[in-house]
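# A closer look at the structure
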Amino acid sequence: MNDEQPSEKAISEALRALCDGELPQEIALMRLVLATESDAELDRHIEDAALREPSMEERIRTIGVLARQYAHAWPMVRAAASAVQHRASTCAETNEILGKLAADFDKAAGLSPEASVALYSFGDANRLNAATAELVGWMRDAGLLHAEYRILDIGCGIGRLECALSGKCREIVGIDISRSMVDIARRRCSGLAGVDIRLVTGLGLQEFEDASFDLVMAVDTMPYIVSAGAKLAGRHFADAARILRPAGNLLVFNYSYRGNPEADRSDVRRHAETYRLEIVAEGSQPFRRWDGAVFHLRKN
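Below or above, wherever it landed, is the structure these notes cover. Because the structure is predicted, anything quoted here is derived from the model rather than measured.

Another point: the overall build of the chain. For the chain, the helix and strand inventory stands at 13 helices and seven strands. The C-alpha atoms of the chain give 19 Å as radius of gyration, which agrees with the globular expectation for 300 residues (19 Å, within 12%). Based on the C-alpha atoms only, the size of the chain along its principal axes is roughly 60 × 40 × 35 Å. Buried residues in the chain amount to 52% of all 300 residues. For the chain, long-range pairs separated by at least 24 residues make up 66% of all intrachain contacts whose partners lie at least 6 apart in sequence. Distance between charge centroids for the chain: 4 Å, based on 36 positive and 44 negative side chains.

Structure (structure tokens):
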């Protein structure tokens, strides 16, 4: 395999996402940005796609306008994406993998706090806030928020959900392995009621008591846990089941980044059966601004 083939494959897949209309335009554009190396190459592919796919020309040209609007952000977006290893070495120990991930996210947060937790924000705080509001609105509409709930946010990043959920629950505890992200989250959440941000090892949820949370969620966090090993993923499901109160809910937004939805569903089903969790949703994608796949489980 020559060196150009992986890039060509990434570009081909990104163009398919650009043209087929199934993904949110921010996600489709982000994939093409990451597959290309320059603004000129990005613009050329978008123009060629518009000419080649007349039925999708309006969508593609709208994405082209977005690409030019955020042209200043693409070097940062590419750098932030490169800073974090999405596929861990199978030869490394779990502690080593988590340590590398923590360092990677420290670096990404230094480039752009917003892009470090959601590349599709393009580093724009307003875009990130809109995507966060959509996620919180979905949780509210699904009946997953309550003024008396205690919530655990695994991989809280810069505290975007803690800011959004403060006042909508009794307490939200955000945990992360990145010291830089924890520092940013603590600054952002300073003075907010019912918010607790903690730096953790990422090895599990052992520090939390049995039946102490009404809701546990992992927003784009489980893929990194999965990349660190099947045992670590199982440990987090086991711990989540233990610390949830009866009828408590576990929300996993994206189980992995391996591009195999059926394998993700199979893994989640196995965890659900092992730890006596009822599956409410397995891989639905209800969002307009994000392609997050929702796995909703409930403690029997």
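Here the narrative resumes, following the displayed structure.
The next subject is the pairing of strand β3 (residues 195–199). The sheet contact formed by strand β2 (residues 171–176) and β3 spans five bridges and is parallel. Residue G174 lies in a different strand from β3, and its bridge partner there is I197. Where the polypeptide runs from β2 across helix α10 (residues 179–188) and back to β3, its parallel neighbour, the crossover connection is right-handed.

Taken in spatial order, the seven strands line up as β3-β2-β1-β4-β5-β7-β6 in an open sheet, and their pairing is mixed. Two strands close off the open sheet at either side, each with one partner strand: β3 and β6 (277–284). Within the sheet, the average angular offset between the axes of one strand and its neighbour, ignoring direction, is 15 degrees. Packing of α10 onto the sheet brings it into contact with β2 and β3, and relative to β3 it is tilted by some 165 degrees.

For the structure shown, the criterion picks out zero disulfides. A disulfide-free cysteine, C163 has its sulfur positioned 3.8 Å from the sulfur of C189, the nearest such atom. Residue C169 stays outside any disulfide, its sulfur separated by 11 Å from that of C189, the closest cysteine.

Here the structure, examined in full by the defined rule, presents 19 salt bridges. Between D196 and R198 there is a salt bridge, with the nearest N and O atoms lying 2.8 Å from each other. Exposure remark for D196: the relative accessible area of 22% places this residue in the partly exposed category.

Axis separation between helix α2 (residues 25–35) and helix α4 (residues 57–69) bottoms out at 10 Å; the angle between their running directions is 65 degrees. By the angle between their directions, the pair α2 and α4 is classed as roughly perpendicular. Crossing of α2 against α4: the hand is right-handed. Along its contact with α2, which presents Q25, E26, A28 and L29, the element α4 presents R59, T62, I63, L66 and A67. Grouping the constituent residues of the contact of α2 with α4 by class yields five nonpolar, two polar and two charged.

In this section: helix α3 (residues 39–52). In this model, α3 (14 residues) spans 20 Å end to end at C-alpha, consistent with the 20 Å of a helix rising 1.5 Å per residue. Listed as buried for α3 are E41, L42, H45, I46, A49 and A50.

Here the focus is the environment of A293. Locating A293 in the fold gives a position in the loop between β6 and β7 (294–299). A C-alpha to C-alpha distance of 28 Å links A293 and A50, two positions 243 residues apart in sequence. If we ignore the near neighbours within four places in the chain, the residues touching A293 are V252, F253, N254, G283, S284 and Q285.

What follows concerns the packing of helix α5 (residues 74–83) against helix α6 (residues 94–111). At their nearest, the axes of α5 and α6 sit 8 Å apart, and the two run at 170 degrees to each other. Looking at the two axes, α5 sits roughly antiparallel to α6. Facing M76, A79, A80 and A83 of α5, the residues of α6 in contact are D104, K107, A108 and L111. Among the residues making up the contact of α5 with α6, the classes are represented as six nonpolar, no polar and two charged.

One finds L18, L29, I151, L152, V216 and L250 to be the most contacted residues of the largest nonpolar core, which totals 98 residues. Tallying contributions element by element places α2 first for this core, with seven residues. If we skip the residues at most four places from it in the chain, I151 touches L145, L165, C169, E171, I172, V173, F213, L215 and M217.

Cut-offs and rules
- Residues numbered from 1 in each chain as written.
- Predicted model: local features only at pLDDT ≥ 70, side-chain atom pairs only at ≥ 80, totals over all residues.
- Heavy atoms only, no water.
- Helix = DSSP H or I, 4+ residues; strand = E, 2+ residues; numbered from the N terminus.
- Rg over C-alpha atoms; globule rule 2.2 N^0.38 Å.
- Buried < 20%, exposed > 50% of the residue type's maximum accessible area, 1.4 Å probe, protein only.
- Contact = heavy atoms within 4.5 Å.
- Lys, Arg positive; Asp, Glu negative; His and termini not counted.
- Charge placed at Lys NZ, Arg CZ, Asp CG, Glu CD.
- Pairing = 2+ DSSP bridges.
- Right-handed = clockwise from strand over helix to strand, strands pointing away.
- Axes fitted to C-alpha atoms, helices over the stretch in contact; angles between N-to-C directions.
- Disulfide = S-S within 2.5 Å.
- Salt bridge = Lys/Arg side-chain N within 4 Å of Asp/Glu carboxyl O.
- Parallel < 35°, antiparallel > 145°, perpendicular 65-115°, else oblique.
- Left-handed = near helix turned anticlockwise from the far one by under 90°.
- Nonpolar A, V, L, I, M, F, W, Y, C, P; charged D, E, K, R; others polar.
- Expected span 1.5 Å × (residues − 1).
- Core = buried A, V, L, I, M, F, W, Y, C linked by side-chain atoms within 4.5 Å.

Honestly, that's just the spatial picture; any functional story needs more than this.
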